Amino acid sequence: RKEVEQDPGPFNVPEGATVAFNCTYSNSASQSFFWYRQDCRKEPKLLMSVYSSGNEDGRFTAQLNRASQYISLLIRDSKLSDSATYLCVLGNFNKFYFGSGTKLNVKP
Amino acid sequence: ETGVTQTPRHLVMGMTNKKSLKCEQHLGHNAMYWYKQSAKKPLELMFVYNFKEQTENNSVPSRFSPECPNSSHLFLHLHTLQPEDSALYLCASSQVQRGGRDTGELFFGEGSRLTVL
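For the structure given in this document, a descriptive report is provided here. From a predicted model like this one, the values you see are computed outputs, not experimental measurements. (Residues numbered from 1 in each chain as written. Chains lettered and ligands numbered in written order. Predicted model: local features only at pLDDT ≥ 70, side-chain atom pairs only at ≥ 80, totals over all residues. Heavy atoms only, no water.)

Let us now look at the overall build of chain B. When its secondary structure is counted, chain B shows 0 helices and 11 strands. Over its C-alpha trace chain B gives a radius of gyration of 14 Å, about what one expects of a compact globule, namely 13 Å for 117 residues. Expressed along its principal axes, the backbone C-alpha trace of chain B runs to roughly 40 × 30 × 30 Å. Burial statistics for chain B: of 117 residues in total, 47% are counted as buried. Long-range contacts, defined as pairs at least 24 residues apart, comprise 54% of the intrachain contacts of chain B with a sequence gap of at least 6. When the accessible surface of chain B is totalled, it reaches about 5700 Å², and 48% of it is carbon and sulfur. Taken as two groups, the 12 positive and 11 negative side-chain charges of chain B have centres that lie 5 Å from each other. (Helix = DSSP H or I, 4+ residues; strand = E, 2+ residues; numbered from the N terminus. Rg over C-alpha atoms; globule rule 2.2 N^0.38 Å. Buried < 20%, exposed > 50% of the residue type's maximum accessible area, 1.4 Å probe, protein only. Contact = heavy atoms within 4.5 Å. Areas by Shrake-Rupley, 256 points an atom, 1.4 Å probe, with all protein chains shown as cover. Lys, Arg positive; Asp, Glu negative; His and termini not counted. Charge placed at Lys NZ, Arg CZ, Asp CG, Glu CD.)

Quick look at the structure:
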(Lines give C-alpha, C1' and ligand atoms only; values in the text may rest on other atoms or scores of the structure.)
Protein backbone atom coordinates (compact mmCIF):
# COMPACT_ATOMS: atom_id res chain seq x y z
CA ARG A 1 0.00 0.00 0.00
CA LYS A 2 1.32 3.45 -0.89
CA GLU A 3 2.18 5.82 1.93
CA VAL A 4 0.06 8.56 0.40
CA GLU A 5 -2.79 8.22 -2.08
CA GLN A 6 -4.39 10.96 -4.11
CA ASP A 7 -6.86 11.09 -6.96
CA PRO A 8 -4.71 12.13 -9.93
CA GLY A 9 -7.57 14.02 -11.60
CA PRO A 10 -7.56 16.11 -13.64
CA PHE A 11 -10.21 18.25 -12.06
CA ASN A 12 -11.55 20.63 -14.70
CA VAL A 13 -13.52 23.46 -13.12
CA PRO A 14 -14.76 26.89 -14.22
CA GLU A 15 -13.45 30.08 -12.67
CA GLY A 16 -15.20 30.84 -9.42
CA ALA A 17 -15.95 27.21 -8.61
CA THR A 18 -15.21 25.53 -5.32
CA VAL A 19 -13.10 22.39 -5.57
CA ALA A 20 -11.96 19.90 -2.95
CA PHE A 21 -9.12 17.38 -2.97
CA ASN A 22 -8.68 14.50 -0.58
CA CYS A 23 -5.63 12.52 0.31
CA THR A 24 -5.37 9.36 2.42
CA TYR A 25 -2.32 8.09 4.20
CA SER A 26 -1.33 4.75 5.66
CA ASN A 27 1.10 5.59 8.45
CA SER A 28 -0.80 6.61 11.56
CA ALA A 29 2.46 7.81 13.13
CA SER A 30 2.83 10.62 10.59
CA GLN A 31 3.75 13.84 12.35
CA SER A 32 3.44 16.69 9.88
CA PHE A 33 1.12 17.32 6.98
CA PHE A 34 1.38 19.71 4.08
CA TRP A 35 -0.12 20.67 0.77
CA TYR A 36 2.38 21.63 -1.89
CA ARG A 37 1.68 23.15 -5.27
CA GLN A 38 3.71 22.28 -8.36
CA ASP A 39 3.43 24.16 -11.62
CA CYS A 40 4.41 22.50 -14.87
CA ARG A 41 8.18 21.93 -15.06
CA LYS A 42 8.76 23.77 -11.79
CA GLU A 43 9.73 22.66 -8.31
CA PRO A 44 7.09 21.98 -5.65
CA LYS A 45 6.36 24.90 -3.34
CA LEU A 46 4.63 24.88 0.00
CA LEU A 47 1.01 25.97 -0.21
CA MET A 48 0.11 25.43 3.42
CA SER A 49 0.77 23.26 6.42
CA VAL A 50 -2.16 21.28 7.77
CA TYR A 51 -2.98 21.40 11.47
CA SER A 52 -5.20 19.12 13.49
CA SER A 53 -7.69 21.88 14.16
CA GLY A 54 -7.92 22.77 10.49
CA ASN A 55 -6.60 25.99 9.06
CA GLU A 56 -7.47 28.56 6.47
CA ASP A 57 -5.38 30.85 4.30
CA GLY A 58 -7.50 33.13 2.18
CA ARG A 59 -9.41 31.00 -0.31
CA PHE A 60 -7.69 27.80 0.84
CA THR A 61 -8.84 25.61 3.72
CA ALA A 62 -7.03 22.50 4.89
CA GLN A 63 -8.41 19.82 7.18
CA LEU A 64 -6.82 16.84 8.88
CA ASN A 65 -8.74 13.80 10.12
CA ARG A 66 -6.33 11.61 12.04
CA ALA A 67 -8.94 9.00 12.94
CA SER A 68 -9.73 8.35 9.29
CA GLN A 69 -6.22 9.20 8.11
CA TYR A 70 -7.09 11.70 5.47
CA ILE A 71 -6.30 15.28 4.60
CA SER A 72 -8.36 17.62 2.50
CA LEU A 73 -7.82 20.88 0.65
CA LEU A 74 -10.70 23.15 -0.29
CA ILE A 75 -10.23 25.95 -2.80
CA ARG A 76 -12.98 28.53 -3.01
CA ASP A 77 -13.58 31.01 -5.84
CA SER A 78 -11.06 29.28 -8.13
CA LYS A 79 -8.79 31.48 -10.22
CA LEU A 80 -7.11 30.67 -13.51
CA SER A 81 -3.81 30.96 -11.65
CA ASP A 82 -4.81 28.09 -9.35
CA SER A 83 -4.22 25.66 -12.24
CA ALA A 84 -1.42 23.39 -11.06
CA THR A 85 -0.78 20.00 -9.51
CA TYR A 86 -1.47 19.79 -5.78
CA LEU A 87 0.70 17.42 -3.79
CA CYS A 88 -0.25 15.92 -0.47
CA VAL A 89 2.84 15.51 1.71
CA LEU A 90 3.42 13.73 5.00
CA GLY A 91 6.38 14.30 7.25
CA ASN A 92 7.59 11.70 9.71
CA PHE A 93 10.78 12.58 11.56
CA ASN A 94 13.20 13.49 8.77
CA LYS A 95 11.32 11.77 5.96
CA PHE A 96 8.72 13.27 3.68
CA TYR A 97 6.29 11.21 1.64
CA PHE A 98 4.63 12.62 -1.43
CA GLY A 99 1.41 11.72 -3.12
CA SER A 100 1.40 11.55 -6.89
CA GLY A 101 -0.51 14.83 -7.05
CA THR A 102 -3.92 15.99 -8.18
CA LYS A 103 -4.04 18.09 -11.31
CA LEU A 104 -6.38 21.08 -11.33
CA ASN A 105 -7.37 22.95 -14.48
CA VAL A 106 -9.35 26.13 -13.93
CA LYS A 107 -10.99 27.29 -17.12
CA PRO A 108 -12.43 30.69 -18.07
CA GLU B 1 19.58 34.90 -3.39
CA THR B 2 17.15 32.00 -3.49
CA GLY B 3 16.99 29.59 -0.56
CA VAL B 4 18.08 26.45 -2.40
CA THR B 5 20.08 26.65 -5.60
CA GLN B 6 20.88 23.81 -7.96
CA THR B 7 23.32 23.60 -10.83
CA PRO B 8 23.24 22.77 -13.62
CA ARG B 9 19.60 23.38 -14.45
CA HIS B 10 19.84 21.13 -17.49
CA LEU B 11 22.25 18.32 -18.23
CA VAL B 12 22.55 15.95 -21.17
CA MET B 13 24.98 13.09 -20.80
CA GLY B 14 25.92 9.85 -22.42
CA MET B 15 25.81 6.55 -20.59
CA THR B 16 29.57 6.46 -20.13
CA ASN B 17 29.96 10.01 -18.82
CA LYS B 18 30.64 11.10 -15.26
CA LYS B 19 28.92 14.27 -14.10
CA SER B 20 27.82 15.85 -10.84
CA LEU B 21 24.79 17.79 -9.70
CA LYS B 22 25.33 20.49 -7.10
CA CYS B 23 22.98 21.88 -4.49
CA GLU B 24 23.52 24.70 -2.03
CA GLN B 25 21.10 25.92 0.62
CA HIS B 26 21.25 29.37 2.21
CA LEU B 27 18.59 28.76 4.85
CA GLY B 28 20.73 27.49 7.70
CA HIS B 29 18.97 24.12 7.61
CA ASN B 30 20.53 20.94 8.94
CA ALA B 31 18.96 18.37 6.62
CA MET B 32 19.30 18.01 2.87
CA TYR B 33 17.62 15.65 0.43
CA TRP B 34 17.80 14.37 -3.11
CA TYR B 35 14.52 13.50 -4.82
CA LYS B 36 13.88 12.10 -8.28
CA GLN B 37 10.78 13.07 -10.24
CA SER B 38 9.97 11.09 -13.36
CA ALA B 39 7.04 11.80 -15.64
CA LYS B 40 3.69 10.79 -14.15
CA LYS B 41 5.27 9.40 -10.96
CA PRO B 42 5.35 10.79 -7.44
CA LEU B 43 8.54 12.23 -6.09
CA GLU B 44 10.91 9.47 -5.05
CA LEU B 45 13.18 10.06 -2.09
CA MET B 46 16.76 9.05 -2.90
CA PHE B 47 19.00 10.25 -0.07
CA VAL B 48 18.72 12.13 3.19
CA TYR B 49 21.50 13.83 5.10
CA ASN B 50 21.05 15.07 8.66
CA PHE B 51 23.88 17.10 10.15
CA LYS B 52 26.07 15.95 7.21
CA GLU B 53 25.46 12.26 7.98
CA GLN B 54 23.59 10.11 5.52
CA THR B 55 20.52 8.77 7.26
CA GLU B 56 18.61 7.38 4.31
CA ASN B 57 19.53 5.59 1.13
CA ASN B 58 16.30 4.55 -0.46
CA SER B 59 17.66 1.54 -2.39
CA VAL B 60 19.30 3.81 -4.93
CA PRO B 61 21.62 2.15 -7.49
CA SER B 62 25.32 2.71 -6.90
CA ARG B 63 25.61 4.67 -10.14
CA PHE B 64 24.23 7.54 -8.03
CA SER B 65 26.68 8.62 -5.35
CA PRO B 66 25.83 11.44 -2.94
CA GLU B 67 28.28 13.63 -1.12
CA CYS B 68 27.61 16.11 1.67
CA PRO B 69 30.79 17.99 2.61
CA ASN B 70 28.97 20.37 4.97
CA SER B 71 25.44 21.20 6.01
CA SER B 72 25.02 23.74 3.20
CA HIS B 73 26.20 21.72 0.22
CA LEU B 74 25.04 18.49 -1.35
CA PHE B 75 26.27 16.77 -4.48
CA LEU B 76 24.99 13.90 -6.55
CA HIS B 77 27.70 12.21 -8.58
CA LEU B 78 26.49 10.41 -11.66
CA HIS B 79 28.33 7.56 -13.39
CA THR B 80 27.32 5.13 -16.16
CA LEU B 81 23.68 6.13 -16.03
CA GLN B 82 20.88 4.52 -18.02
CA PRO B 83 18.30 6.25 -20.23
CA GLU B 84 15.62 5.44 -17.63
CA ASP B 85 17.51 7.67 -15.19
CA SER B 86 16.40 10.68 -17.21
CA ALA B 87 14.30 12.77 -14.84
CA LEU B 88 14.11 15.95 -12.82
CA TYR B 89 16.41 15.74 -9.80
CA LEU B 90 15.30 17.95 -6.97
CA CYS B 91 17.34 18.99 -3.98
CA ALA B 92 15.57 20.11 -0.83
CA SER B 93 16.40 21.19 2.70
CA SER B 94 14.59 21.34 5.99
CA GLN B 95 15.27 22.03 9.65
CA VAL B 96 15.17 18.91 11.80
CA GLN B 97 15.32 18.87 15.58
CA ARG B 98 17.98 16.81 17.32
CA GLY B 99 16.58 13.29 17.65
CA GLY B 100 15.19 13.43 14.15
CA ARG B 101 11.74 14.87 14.76
CA ASP B 102 10.75 16.90 11.78
CA THR B 103 9.79 20.46 12.50
CA GLY B 104 9.28 22.21 9.24
CA GLU B 105 8.53 21.94 5.60
CA LEU B 106 10.82 21.10 2.72
CA PHE B 107 12.24 23.87 0.61
CA PHE B 108 13.10 22.80 -2.91
CA GLY B 109 15.60 23.99 -5.45
CA GLU B 110 14.47 24.50 -9.02
CA GLY B 111 15.81 21.11 -10.02
CA SER B 112 18.31 19.71 -12.48
CA ARG B 113 16.68 18.21 -15.54
CA LEU B 114 18.79 15.27 -16.64
CA THR B 115 18.66 13.54 -20.00
CA VAL B 116 20.69 10.38 -20.50
CA LEU B 117 21.27 9.42 -24.13
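Here the focus is the sheet that holds strand 3 (residues 18-25) of chain B. Residue and element names in this part refer to chain B. Strand order in the open sheet made by the 4 strands is 1-3-8-7, with antiparallel pairing throughout. The open sheet has two edge strands with one neighbour each: strand 1 (4-7) and strand 7 (64-70). Here the average twist between neighbouring strands, direction ignored, is 15°. Pairing between strand 7 and strand 8 (residues 73-79): 5 bridges, direction antiparallel. (Pairing = 2+ DSSP bridges. Axes fitted to C-alpha atoms, helices over the stretch in contact; angles between N-to-C directions.)

Attention now moves to the interface of chain A and chain B. Each side of the interface is counted separately: chain A has 18 residues, and chain B has 22 residues. Together chain A and chain B conceal approximately 1800 Å² of surface at their shared face, both sides included; 55% is due to carbon and sulfur atoms. On the chain A side of the contact with chain B, A:Asn94, A:Phe96 and A:Phe98 bury the most area, a combined 32% of that side's loss. For the interface between chain A and chain B, the tally reads 0 salt bridges. For the pair chain A and chain B, the interface holds 3 residue pairs in polar contact (both at pLDDT 80 or more). Among the secondary structure elements, those contributing two or more residues to the side of chain A that touches chain B are strand 4 (32-38), strand 9 (84-92) and strand 10 (95-98) of chain A. Among the elements that make up the side of chain A that touches chain B, the one with the highest residue count is strand 4 of chain A (4 residues). (Buried area = accessible area lost by both parts, 1.4 Å probe. Salt bridge = Lys/Arg side-chain N within 4 Å of Asp/Glu carboxyl O. Polar contact = N/O pair within 3.5 Å; in protein donor to acceptor, adjacent residues only side chain to side chain.)

Let's shift gears to the layout of surface pockets. Over the atoms a probe the size of a water molecule is rolled, and this reveals where empty space is left. Size it by volume and the largest pocket reaches roughly 760 Å³. Along the wall of the largest pocket there are 28 residues; nearest its centre are A:Thr85, B:Gln37, B:Ser38, B:Ala39 and B:Lys40. Going through the elements one at a time, strand 9 and strand 11 (102-107) of chain A together with strand 9 (87-94) and strand 11 (112-116) of chain B are the ones with two or more residues in the lining of the largest pocket. The greatest single-element share of the lining of the largest pocket, amounting to 3 residues, is contributed by strand 9 of chain A. Of the residues assigned to the lining of the largest pocket, the class counts are 10 nonpolar, 10 polar and 8 charged. (1 Å grid on protein atoms, 1.4 Å probe; cavity = no way out; pocket = protein on both sides within 12 Å on 5 of 7 lines; lining within 4 Å. Points joined across faces, edges and corners; volume = space filled by probe spheres on them. Nonpolar A, V, L, I, M, F, W, Y, C, P; charged D, E, K, R; others polar.)

All names here are of chain A. Within the structure shown, the criterion is met by 6 salt bridges over all chains. Between Asp82 and Arg59 there is a salt bridge, with the nearest N and O atoms lying 2.8 Å from each other. With a gap of 23 residues between them, Asp82 in the loop between strand 8 (70-75) and strand 9 and Arg59 in the loop between strand 6 (55-57) and strand 7 (60-65) connect regions that are remote in the sequence. Accessibility expressed as a relative area gives 22% for Arg59, which makes it partly exposed.

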